[in-house]
Amino acid sequence: MRLLQISCLLLLMASWAVAQQPVYLSTSPADHTLQADEATPVMKTALRVLSEEIAKRITSEGAGITAGDNPILKVSLKHESILPEESYQIALEENSLVISGHDGRALIFGVGHVLRNSLYGKDTLQYRGGATDICTPAYPMRGHQLGYRYNANSYDKWDDKQFDLHIRELALFGTNSIENIPFQDSIPSPHMPLDRRTMNRRMSEICADYGLDYWVWTPAVFDLADQELRQAHLDEYKELFKDCPELTGVFFPGGDPGANPPELVLPFLYDLVEPLAETHPKAKIWLSLQWFTVEQCEDLQRWIDREQPEWFGGLVSGPGSPDVPETRKRLNKAYPLRHYPDITHTVRSQYPNPWWDHAFAVTLGREAINPMPHFYGFVHNFYAPMTVGFITYSDGINDDVNKIVWSRRGWDPEVRVQDILEEYTSFFFPAGDEKLIAEGISALERNWTGDLASNGGVTATLKLWQGLEDTYPQFADDWRWQSLLVRAYYDALVRDRMLFERKLEDKANAILLQAETIGADAAMKQALEVLASTEGEGDIPFLRAKVVDFYAQLFESIGLQSSVPIYKARGFERGCSLDFIDYPLNNKWWLEDQFEEIKELKKEEDKVERLVEIALWETPGPGSFYDAVGRVGQSARVKRAEAWNTDPEMERCGNPEAWWWEQGFSRRRLTHQSTLSIPFSMMYEGLEPDAEYILRIIGAGEAYPRANGFSVVPSTYETELGGIKEFPLPNAITTGGSLTIDFDPLEEEHVNWRQQSRIAEVWLLKKGDPADKIWHQPDGHDDYLE
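Everything quoted here is computed from the prediction, not taken from an experiment.

### Examining helix H6 (residues 227-243)
Here is step 1: The terminal C-alpha atoms of H6 lie 24 Å apart, and with 17 residues this matches the ideal 24 Å at 1.5 Å per residue to within 8%.
Here is step 2: Of all the positions in H6, only Arg-230, His-233, Leu-234, Tyr-237, Leu-240, Phe-241 and Asp-243 are classed as buried.
Here is step 3: In this structure, the buried residues of H6 make contact with helix H5 (196-210), strand E10 (213-217), strand E11 (249-252) and helix H7 (262-279).
Here is step 4: Capping the start of H6, Asp-226 holds a side-chain oxygen 3.2 Å from the backbone nitrogen of Glu-228, two or three residues further along.

### Focus: the layout of surface pockets
Here is step 1: As a volume, the second largest pocket reaches approximately 620 Å³.
Here is step 2: Around the second largest pocket sit 28 residues that line it, and Glu-85, Arg-105, Asp-213, Glu-246 and Thr-248 are the ones nearest its centre.
Here is step 3: Elements with a minimum of two residues in the lining of the second largest pocket: H5, E10 and strand E12 (284-288).
Here is step 4: For the lining of the second largest pocket, the class distribution of residues is 14 nonpolar, 6 polar and 8 charged.

### Considerations on the side chain of Asn-370
Here is step 1: Here Asn-370 is to be found in the loop between helix H10 (358-361) and helix H11 (373-383).
Here is step 2: Once residues within four sequence positions are removed from consideration, Asn-370 is found in contact with Ile-343, Thr-344, His-345, Thr-346, Tyr-376, Asn-398, Asp-399, Asn-402, Trp-448 and Arg-487.

### Quick word on the sheet that holds strand E25 (residues 738-743)
Here is step 1: One open sheet accounts for 4 strands, arranged E19-E25-E21-E22; its pairing is antiparallel. Lying at the two open borders of the sheet, with one neighbouring strand each, are strand E19 (681-685) and strand E22 (710-711).
Here is step 2: Here E19 pairs with E25 via 5 bridges, running antiparallel. In the strand pairing of E25, Met-682 is matched with Ile-741.

### Remarks on the pattern of salt bridges
Pairing between side chains of opposite charge can happen when their charged atoms approach one another.
Here is step 1: One pass over the full model with this rule turns up 54 salt bridges.
Here is step 2: A salt bridge links Arg-128 to Glu-434, with the shortest nitrogen-to-oxygen separation between them at 3.0 Å. Separated by 306 residues along the polypeptide, Arg-128 in the loop between strand E7 (124-127) and strand E8 (141-145) and Glu-434 in helix H14 (residues 434-447) bring together distant segments of the chain.
Here is step 3: A cluster of three or more residues bridged by salt bridges with shared partners is formed by Arg-48, Glu-52, Glu-53, Lys-56, Arg-57, Arg-168 and Asp-209.

### A short note on unusual backbone geometry
Here is step 1: In the segment running from Asp-256 into Pro-257, the intervening peptide bond is cis, with an omega of 5°.
Here is step 2: Along the chain, Pro-257 falls in the loop between E11 and H7.
Here is step 3: Backbone torsion omega between Ile-678 and Pro-679 reads 10°, so that peptide bond is classified as cis.
Here is step 4: Among the secondary structure elements, Pro-679 is positioned in the loop between strand E18 (674-677) and E19.
Here is step 5: In this model, Asp-123 sits at a positive phi of 60°, which is unusual for a non-glycine residue.

### Structural notes on empty space enclosed by the protein
Here is step 1: What the rule picks out here adds up to 9 cavities of 30 Å³ or more.
Here is step 2: The wall of the largest cavity is formed by 22 residues, among which Ala-361, Val-362, Gly-365, Trp-660 and Gly-664 lie closest to the centre.
Here is step 3: The space that makes up the second largest cavity amounts to roughly 70 Å³.
Here is step 4: As for the second largest cavity, its lining consists of Thr-346, Val-347, Pro-352, Asn-353, Trp-355, Trp-356, His-358, Ala-361, Asn-655, Pro-656, Ala-658 and Ser-674.
Here is step 5: Among the residues forming the lining of the second largest cavity, the class breakdown is 7 nonpolar, 5 polar and no charged.

### Things to note about the pairing of strand E24 (residues 723-729)
On any regular strand, side chains alternate: one points to one face of the sheet, the next to the other face.
Here is step 1: Of all 7 residues that make up E24, 7 are buried, and the element is covered over most of its length.
Here is step 2: Judged by which residues are buried, E24 turns out to be covered on both faces: Gly-723, Lys-725, Phe-727 and Leu-729 on one side and Ile-724, Glu-726 and Pro-728 on the other are all buried.
Here is step 3: Where strand E20 (residues 693-700) lies against E24, 7 bridges are found, and the strand directions are antiparallel. When the sheet's bridge partners are listed, Tyr-693 is paired in E24 with Leu-729.
Here is step 4: When strand E23 (residues 716-717) meets E24, the two strands line up antiparallel, connected through 2 bridges. Within E24, the residue paired with Tyr-717 across the bridge is Lys-725.
Here is step 5: Between E23 and the antiparallel strand that follows it, E24, lie 5 residues; Gly-722 among them carries a positive phi value of about 85°.

### Looking at the packing of aromatic side chains
Here is step 1: Evaluated as defined, the whole model comprises 57 aromatic pairs.
Here is step 2: Taken together, a centroid distance of 5.8 Å and an interplanar angle of 35° make the contact between Tyr-340 and Tyr-393 tilted. Of this pair, Tyr-340 sits in the loop between strand E14 (337-339) and H10 while Tyr-393 is found in the loop between strand E15 (389-392) and helix H12 (400-411), placing the two residues 53 residues apart along the sequence.
Here is step 3: Judged by its relative accessible area of 3%, Tyr-340 falls in the buried class.
Here is step 4: Here Tyr-393 falls in the buried class, since its relative accessible area comes to 12%.
Here is step 5: Judged by centre distance (6.3 Å) and plane angle (80°), the rings of Tyr-424 and Phe-429 are edge-to-face. This pair shows no difference in class: Tyr-424 is buried, exactly as Phe-429 is.
Here is step 6: Ring pairing ties together the aromatic residues Phe-173, Tyr-424, Phe-427, Phe-428, Phe-429, Trp-465, Tyr-472, Phe-475 and Trp-481, which thus form one cluster.
Here is step 7: Stacked on the ring of Trp-661, the Lys or Arg Arg-668 has its end atom at 5.1 Å from the ring centre.

### Re H7
Here is step 1: Here H7 contains 18 residues, and its C-alpha end-to-end distance of 26 Å stays within 8% of the 26 Å for a straight helix at 1.5 Å per residue.
Here is step 2: Along H7, the helix axis deviates most sharply at Val-273, where the bend reaches about 25°; the proline Pro-275 sits within four residues downstream.
Here is step 3: On the buried face of H7, the contacting elements are H6, E11, E12 and helix H8 (294-307).

### Concerning the packing of helix H2 (residues 41-57) against H5
Here is step 1: Between H2 and H5, the shortest axis-to-axis distance is 7 Å and the interhelical angle comes to 85°. Of the possible angle classes, the one that applies to H2 and H5 is roughly perpendicular. Facing Val-42, Thr-45, Arg-48 and Val-49 of H2, the residues of H5 in contact are Ala-208, Asp-209 and Tyr-210.
Here is step 2: Here the residues of the contact of H2 with H5 are counted per class, giving 4 nonpolar, 1 polar and 2 charged.

### Description of the nonpolar core
Here is step 1: Core analysis: the biggest nonpolar cluster contains 185 residues, and Leu-269 and Trp-465 have the highest contact counts within it.
Here is step 2: Broken down by element, the residue count for this core peaks at 17 residues, all from helix H16 (residues 479-512).
Here is step 3: Ignoring sequence-local partners within four residues, the contact set of Trp-465 consists of Ile-437, Gly-440, Ile-441, Leu-444, Trp-481, Leu-484, Leu-485 and Ala-488.
Here is step 4: Listed in part, the 27 residues of the second largest apolar core include Val-638, Leu-729, Val-762 and Leu-764.

Reading guide: rules and limits
- Residues numbered from 1 in each chain as written.
- Predicted model: local features only at pLDDT ≥ 70, side-chain atom pairs only at ≥ 80, totals over all residues.
- Heavy atoms only, no water.
- Helix = DSSP H or I, 4+ residues; strand = E, 2+ residues; numbered from the N terminus.
- Expected span 1.5 Å × (residues − 1).
- Buried < 20%, exposed > 50% of the residue type's maximum accessible area, 1.4 Å probe, protein only.
- Contact = heavy atoms within 4.5 Å.
- Polar contact = N/O pair within 3.5 Å; in protein donor to acceptor, adjacent residues only side chain to side chain.
- 1 Å grid on protein atoms, 1.4 Å probe; cavity = no way out; pocket = protein on both sides within 12 Å on 5 of 7 lines; lining within 4 Å.
- Points joined across faces, edges and corners; volume = space filled by probe spheres on them.
- Nonpolar A, V, L, I, M, F, W, Y, C, P; charged D, E, K, R; others polar.
- Pairing = 2+ DSSP bridges.
- Salt bridge = Lys/Arg side-chain N within 4 Å of Asp/Glu carboxyl O.
- Phe/Tyr/Trp six-rings, centres within 6.5 Å; stacked < 30°, edge-to-face > 60°.
- Lys NZ or Arg CZ within 6 Å of the ring centre and 35° of its normal.
- Bend = angle between axes of the 7 residues up to and from the residue.
- Axes fitted to C-alpha atoms, helices over the stretch in contact; angles between N-to-C directions.
- Parallel < 35°, antiparallel > 145°, perpendicular 65-115°, else oblique.
- Core = buried A, V, L, I, M, F, W, Y, C linked by side-chain atoms within 4.5 Å.

Now the structure itself:
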């Protein structure tokens, strides 16, 4: 029996090895056939896609493979309705490779499997995926929002052919749903080649051609109590419903944008039911709870429990709404939950980049090209089991890699992210070097990990991509290639600039400390000259020129609007990394403004005092401590507790907020532009047993620290932005040499997040420290203990 088991196992392994051997497929459309009793238009589309996509990739600059004496297999698409919905299977027969599919949509998915797992040479295609079991998606909803509106950083420049191609490419990676934005954003775009009504219809037609679901995202950005506007909007819906040959779902967000209460929203949705049913009887209306109060959310949940309307598709969990676990727990089990994840934004978002270096936040910005495959692959799997799937929030091509990761994880949550990246690179950059290019994408994600100043990997990532750039000139016009290259160059530019400009500021501060000797006005003049210096800037001009050139190429190749003045982007927060390419990465602007104020002082000693204060701002004397708590490289004493792997939205674990002031061109001190919300804790070791300390805080709003568990009373307490709070700490608290500062939680759920309390900087100053003397703060006393 034992011998029989071993023999069977060896036979099975041998069969598997044969099945995984590469095979060579015919690239001739004449050898691509469709087997179906009644071929539907989508089945014919699948066959056309197979031949067209192969033809694009078999060039003399491909992977350099040849079939040699190996047989060339024909490719047959076969309709097998017995397979589960959306499912396909790959079989290897004597003279052909057979892709069987439940229907036309499933055949497109099967074609995608073959195309993603192939190498392409001159007139040669080598398929490496082998025969498969039945491939069935894990989640029934796998989609992306492609809103044709001016707010988008690129979609508004696309014509219907570009949408067709992009939707096709997403489908070949398992996407089955596309969501458009037909109404919202009334400001006309200077880029649109087609009017919005025409494009709304064309996107529906494209989805019908590929057998995909077509959704629309339709917020009410006006007061639904206004009957005239309400009726006009209903008429827009009716027109849209009649125009679209395919419509699967209408997603009405409760807010973001819009501010209508449920008592106005629900009657409006009821008024949509009849016109929607007349033209699209299977379509459903979905609702999110975004921006609703706790009470309003519960009222809606009770309405669902009570009415259970047939036209209601389910709830959507997105930015600004109760999270997925909370929503699923409360939602009636008769209804599904759709995830609406923000995969397009880096900061001020649903899933912000964890502890992103502030130098990136103020340059690349909120809507940068952001391949974060491992992070978003994890976020998908964290929430997916509580949902029926997702349609992501996207505002352009910047999140292209993230879309593919979500589509593939939506099909198979167990697929390795690195395997997804290799499929991505093999499909879009068919050169036979998919592993190295995939590693280059992962390296771009690692560029954004931790303190930029100490992340020498940024330079290595650039070298990798420069090597790829030189090796594969055939991809120079490909927008995906351009987007990855510009990130490698931009990241390196930011790091080089930051290191160079910080050195200039250090030199300027050293000059300010000489103000008493050389005079305040002379010190300020010399400091400004140093800050303006370009001597020793190294590769910065070269890197900058490359970034500028790549963004020009991206505007032409895919419509990416990286600048408001140059490329007419909708706003500076909308992917305009080019507009911030020269944003100071030291405090040059802030110093210029401070110097103008100091020049107005009458007394020389007052000027000198202010300049010394500035020079010592981040460098208190021996025995004192400084933390910029919102900056990853300057917050060593901030206690890192729960991390994003258990809190992807980072609501409990704490994550710095990069603030957006003056349209991104704020002249405030850099450390004040990145803050940490309360509560959090700080830990100090090595305090001097006999010393007395002062806890100094700069931020906004309230702060109630506890020192080693004791409440402390402030001697100075300012709540305005940039205001100072000081808490003298009696020696009895710190005499043991260790100190933990815990900032008590605040009851601010009723306060808009932009006005909630936050902290930018924390000092623990030993009495007698020069910084303590300069700031003229009182000594601590034992009676500050409560």
